[in-house]
Amino acid sequence: MEIFLMFLKVFAVGGAICTLAQLLINYTKITAGKILVYFLLAGAILQAFGLYQYVVDFAGAGATVPISGFGYLLSKGAMEGAKESLFKAITGGITAAGMGITAAIVFGYLFALIFKSRSKKN
Amino acid sequence: MRTFYYKNKPSIIGVSSVGGPKESAGELGEYIEIKSNDDTFGEKTFEKAEKKMLYTVIDNSIKNANKGIDDIDAIIAGDLLDQIISATFSARSFDAGYLGVYNACATFTEALTIGAALVDGGYLKNVVCGTSSHFSSAERQYRYPLELGCTRPPQAQWTVTGAGACVIGQGEGAKISCATVGRVVDFGVVDVNNMGAAMAPAAADTLYTHFKETGKTPDYYDVIISGDLGILGSRILTDLVWQKGYDISKNYLDCGAMVYKNAKKEYQGGSGAGCSSMVFCAYFYKMLREKKLKRILLMSTGALLSSLSSQQGESIPGIAHAVCIEI
Amino acid sequence: MENNQNFINDNYLNYVKSVSPKTNEKRSLIRAFLVGGLICSIGQGLRYMFQYLVGLEGDELAAYVSAVMIFLGAFLTGLGVYDRIGKFAGGGSIVPITGFANSVVSPAIEFKTEGYVYGVAAKMFVIAGPIIVFGVASSVLVGLIYYGIYNIF
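Conventions adopted
Residues numbered from 1 in each chain as written. Chains lettered and ligands numbered in written order. Predicted model: local features only at pLDDT ≥ 70, side-chain atom pairs only at ≥ 80, totals over all residues. Heavy atoms only, no water. Helix = DSSP H or I, 4+ residues; strand = E, 2+ residues; numbered from the N terminus. Polar contact = N/O pair within 3.5 Å; in protein donor to acceptor, adjacent residues only side chain to side chain. Contact = heavy atoms within 4.5 Å. Buried area = accessible area lost by both parts, 1.4 Å probe. Salt bridge = Lys/Arg side-chain N within 4 Å of Asp/Glu carboxyl O. Domains from an automatic or database assignment. Axes fitted to C-alpha atoms, helices over the stretch in contact; angles between N-to-C directions. Left-handed = near helix turned anticlockwise from the far one by under 90°. Nonpolar A, V, L, I, M, F, W, Y, C, P; charged D, E, K, R; others polar. Buried < 20%, exposed > 50% of the residue type's maximum accessible area, 1.4 Å probe, protein only. Patch = residues over 30% accessible without salt bridge, like charges linked within 9 Å, V, L, I, M, F, W, Y side chains within 5 Å. Areas by Shrake-Rupley, 256 points an atom, 1.4 Å probe, with all protein chains shown as cover. Phe/Tyr/Trp six-rings, centres within 6.5 Å; stacked < 30°, edge-to-face > 60°. Lys NZ or Arg CZ within 6 Å of the ring centre and 35° of its normal. Parallel < 35°, antiparallel > 145°, perpendicular 65-115°, else oblique. Expected span 1.5 Å × (residues − 1).

Turning to the side chain of His-210 of chain B, a few remarks are in order. Residues and elements named next belong to chain B. Along the chain, His-210 falls in helix α6 (residues 195-214). In terms of polar contacts, His-210 uses its side chain to reach the side chain of Thr-180, at 2.7 Å. What His-210 contacts, discounting residues up to four positions off in sequence, is Thr-3, Cys-178, Thr-180, Gly-215, Tyr-221 and Leu-297.

Here it is, written out as C-alpha cells:
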C-alpha cells in the first residue's frame, strides 16, 4: 500500500512538472533546448535555497527523473562540497552529476556507432 | 515593370519527376514518373540521395525530350541545402553549362524565368531547369536531428522529398508566354514554423503586380498555382489578393496543399524547392499536354531565411516568381 | 539605413495570429502529464528494484537509476521510437532525463555521416550542451556562495 501511494505521488509530481513544460511550449515559442535549460536552472536555484529537497523527499523519482532533478543534484553536490573545502565546493556539483553526464556521453557515442538516423514517416 | 513577355514562346519539351515514399503514396503519387519506396535512393547519406534525385530527373527529362546531353547548352538548377550542393553536384556529372540559382522554394520558377529568357533570346538552344528537396536533409539543416523527440506545431509544413526537371527549347510542348519577377517582401513574420504566413505577402505582391501589369483578371487562367504556401498560407494569400480587389478563390491551387493525402494530417501540407517542380512536372504538365488545362499561372514561393538569420532574430523575407504556361 | 522595423506590419501579424491553428490545449497537457508521470514511475520502479534487489541507497542509488534511465532514453532514440513518443507527448518526454539522453543521442546519430570525430563527437552536444554549461556553471556559483557563507559565519 505504501509503495502504491508512493507511485501515485511520483506520477502526480512528475506528470505535473512535465505539464508545466507543456504549458510553456503552448503559450510561448520556447524551444525544447531552452525548456531543458530553464527547468535545470529552476531545480538548481530551488535547491540552492534548500527547497527542492522537500519535493524529492515527497515524490522520489517524480522529482529526480525530470531535468530539474539534475539541477537539484548539481546544487546539492556543490553545497555539500562547500562544507568541506573550496576545492570540493567547485567540483562538488559535477561530481554529483558525473554519472548522468558520463552515461549520456558513453551511451550516446555507443549508440551512434550502432544505429542510423531514419526518416520520419509522419 | 516586372512582367515581360517571351516573344518566341519557348516550349517545355520534356519533363521528369521523382518522389519519395510519402509523396508517391500521396494524392498525386500516380502521376510521379519515378516513385521510390526508399528515401535514401540507395545512397549512404540523405544529401547524396537528394543529389541522386536531381541527377535522375535532369537525365530523364533530357531523354523524355528526345535529346542527348550534346543538345543541352545549360542546366539551371537549385535546391535548399547550403551552397546548393545538390544542384552543383548533380551538374558535375553532365557535360553542359551550369547556372546555380537560389530563391529557396521559389527556385523552380526562377530557373524557368531565366531559362526561358535565354532560349527566347536565341542565346541558348536547350536548357534544363530543375530543383530538388529532401525532407531529411532539410530537416537537419534547418531544424533538429530526425530522432529528436519534439512536437511539430500545427502551422508547420513537411518538406517534400522529390525533384522535378524540365527541358526548355523550341518544339512541341507547353509554351512559356510571360513571367513576373517577384520582389522580396517581408511583413515581419518571425515564426520559422509558419512559412505559409511568411511567404503569402510576397505571393500576393507578385500576383497583384502580374494582374496590374498585364491587365488580366484571375479568370484569364484555368488555374493559378502557388508553390508551397500550404493550407494556411493559401488562405492568407486568397484574403490578401481579395483585399486588392481580385478574387482567386475559384481557380486557385497550392502544390504543397495538394501533394499529400489528407493534408490536414500533415498539418499545412508540403513545402520545399522540390515541391512545385515535382508537382508541376508530374501533374500540371500532364494536364496541359492532355489539354485538360489550357493556361496556368505557376508561382513558386520561397522563404529566404537561413538557420543563422532566424537565430539572430531576423524576420523571414518571402519571394514569389510567376510564370504563365499555356498550350 | 533601412532597419527591420520598417517591414513589420502589425495588422498583418495580428491577422496571421487570428487565422493560425492552435495546439489542442487540453489534449497536449493531458498527454504530457500521462507520459511524464509514466516515465517518472518507471524511474521509481527502478529505484525500488535497485534498493531491494541490489541493496543500493542514497546518492549511489539515485546515480544508478539516472544512468539506467539515460540508457533507456538513448536506446529508444537509437531504435527510432523516442521521436514518436516525443511527437505524442511533447513536454512529457522532453523534460525527464530520458529526454536529455534523447537530445544527446539524436544529433550523435544524425551527424554520423560527417565522421566519428567532427560528426558524432563534436555534434553530440549541439542541443544538450547548454544544459551542461548552465548546470556546471550554476553549481560552481552555488558552491562558492555556500563556501563563502560557511567561512564567514
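Before going further, it helps to spend a moment on the interface of chain C and chain B. Every contact between the two is made by 30 residues of chain C and, on the other side, 32 residues of chain B. Between chain C and chain B lies a buried interface of about 2,500 Å² when both sides are counted; carbon and sulfur atoms form 59% of it. The interface formed by chain C and chain B holds one salt bridge in total. Residues Glu-114 of chain C and Arg-140 of chain B are paired through a salt bridge, measuring 2.6 Å at the closest nitrogen-oxygen approach.

Turning to the domain arrangement of chain B, a few remarks are in order. All names here are of chain B. Each domain of chain B was delimited in the assignment, giving domain 1 (12-169) and domain 2 (174-326). Taking the mean C-alpha position of each, domain 1 and domain 2 sit 18 Å from one another. Every contact between the two is made by 51 residues of domain 1 and, on the other side, 53 residues of domain 2. Taken together, both faces of the contact between domain 1 and domain 2 bury some 4,100 Å²; the carbon and sulfur share is 64%. Looking only at domain 1, the three residues that lose the most surface to domain 2 are Ile-12, Tyr-31 and Gln-157, adding up to 18% of its buried area. Linking domain 1 to domain 2 there are zero salt bridges. Inspection of the region where domain 1 meets domain 2 yields 21 residue pairs in polar contact (both at pLDDT 80 or more). Those elements that provide at least two residues to the side of domain 1 that touches domain 2 are β2 (11-19), α1 (21-24), α4 (107-120), β6 (127-133), α5 (135-142), β7 (158-159) and β8 (162-169). In terms of residues, the side of domain 1 that touches domain 2 owes the most to one element, β2, which gives eight residues.

Next up on the list: the packing of helix α5 (residues 67-84) of chain A against helix α6 (residues 86-96) of chain A. Residue and element names in this part refer to chain A. Put simply, α5 and α6 touch, their axes get as near as 7 Å, and they point 145 degrees apart. The two elements α5 and α6 cross, and the hand of that crossing is right-handed. Side by side, α5 and α6 meet where Leu-73, Leu-74, Gly-77, Ala-78, Gly-81, Ala-82 and Glu-84 of the first sit next to Lys-88, Ala-89, Gly-92, Gly-93, Ile-94 and Ala-96 of the second. A class-by-class count of the residues in the contact of α5 with α6 yields seven nonpolar, four polar and two charged.

The next thing to look at is the environment of Ile-39 of chain C. Along the polypeptide, Ile-39 of chain C turns up in helix α2 (residues 25-54). Here the alpha-carbon distance between Ile-39 of chain C and Pro-96 of chain C, two residues 57 residues apart in the chain, equals 7.2 Å. The contacts of Ile-39 of chain C, once residues within four sequence positions are left out, are Val-65 of chain A together with Met-69, Tyr-82, Gly-92, Ser-93, Pro-96 and Thr-98 of chain C.

Bringing unusual backbone geometry into the picture now. Residues and elements named next belong to chain B. Positioned with a positive phi, Lys-9 is a non-glycine residue whose angle comes to about 45 degrees. Residue Lys-9 is classed as partly exposed on the basis of its relative accessible area, which comes to 31%. Residue Phe-41 is not a glycine yet carries a positive backbone phi of 50 degrees. Locating Phe-41 in the fold gives a position in the loop between β3 (34-35) and α2 (46-64).

Let us look at the pattern of salt bridges. Residues and elements named next belong to chain B. On inspection of all chains with the given rule, the structure shows 16 salt bridges over all chains. Salt-bridge contacts for Lys-250 lead to Asp-247; the nearest nitrogen and oxygen are separated by 3.2 Å. Lys-292 is paired through a salt bridge with Glu-290; the nearest N and O atoms lie 3.1 Å apart. Classification of Glu-290 by relative accessible area gives partly exposed; the value is 37%. Three or more residues joined by partner-sharing salt bridges are found here, namely Arg-2, Arg-183 and Asp-205.

Residue and element names in this part refer to chain C. Residues Leu-38, Ile-42, Phe-71, Leu-72, Phe-75, Leu-79 and Val-81 make up a contiguous nonpolar surface patch of roughly 530 Å² in combined accessible area. Mapped by element, the contributors of at least two residues to the nonpolar patch are α2 and α3 (58-79). The element best represented in the nonpolar patch is α3, accounting for four residues. Summarising the element assignment, Leu-72 is placed in helix α3.

This brings us to the packing of aromatic side chains. Overall, the coordinates contain 25 aromatic pairs over all chains when judged by the stated rule. Geometrically, the ring pair formed by Phe-211 of chain B and Tyr-246 of chain B is tilted, given 4.8 Å between the ring centres and 35 degrees between the ring planes. With Phe-211 of chain B in helix α6 and Tyr-246 of chain B in the loop between α7 (230-243) and β11 (252-254), this pair connects stretches of sequence that are 35 residues apart. Phe-211 of chain B sits in the buried class, given a relative accessible area of 1%. The exposure class assigned to Tyr-246 of chain B is buried, which follows from its relative accessible area of 17%. Taken together through their ring pairs, the aromatic side chains of Phe-107, Phe-111 and Phe-115 of chain A together with Phe-71 and Phe-75 of chain C make up a single cluster. Seen from the ring of Tyr-220 of chain B, Lys-216 of chain B lies directly overhead, with NZ or CZ sitting 4.6 Å from the centre. A cation over a ring is seen here: Arg-295 of chain B above Tyr-220 of chain B, with NZ or CZ 4.0 Å from the ring centre.

The subject of this paragraph is the packing of helix α7 (residues 98-114) of chain A against helix α7 (residues 116-123) of chain C. Viewed as axis vectors pointing N to C, α7 of chain A and α7 of chain C meet at an angle of 135 degrees, and their least axial separation amounts to 10 Å. In terms of axis orientation, α7 of chain A runs oblique to α7 of chain C. The two elements α7 of chain A and α7 of chain C meet at a crossing, and its hand is right-handed. Here α7 of chain A contributes Tyr-109, Ala-112 and Leu-113 of chain A to the contact with α7 of chain C, which in turn contributes Tyr-116, Val-120 and Ala-121 of chain C. The residue makeup of the contact of α7 of chain A with α7 of chain C, split by class, is six nonpolar, no polar and no charged.

Below, the discussion takes up helix α2 (residues 32-48) of chain A. Its 17 residues place the ends of α2 of chain A 24 Å apart at the C-alpha level, agreeing with the 24 Å of an ideal helix rising 1.5 Å per residue. Regarding α2 of chain A, the residues found buried are Ala-32, Gly-33, Ile-35, Leu-36, Val-37, Phe-39, Leu-40, Gly-43, Ala-44, Gln-47 and Ala-48 of chain A. For α2 of chain A, the secondary structure elements touched by its buried residues are α1 (2-27), α3 (52-59) and α5 of chain A together with α5 (91-94), α6 (97-110) and α8 (129-152) of chain C. Trailing α2 of chain A by a residue or two, Gly-50 of chain A shows a phi angle of about 75 degrees, which is positive.

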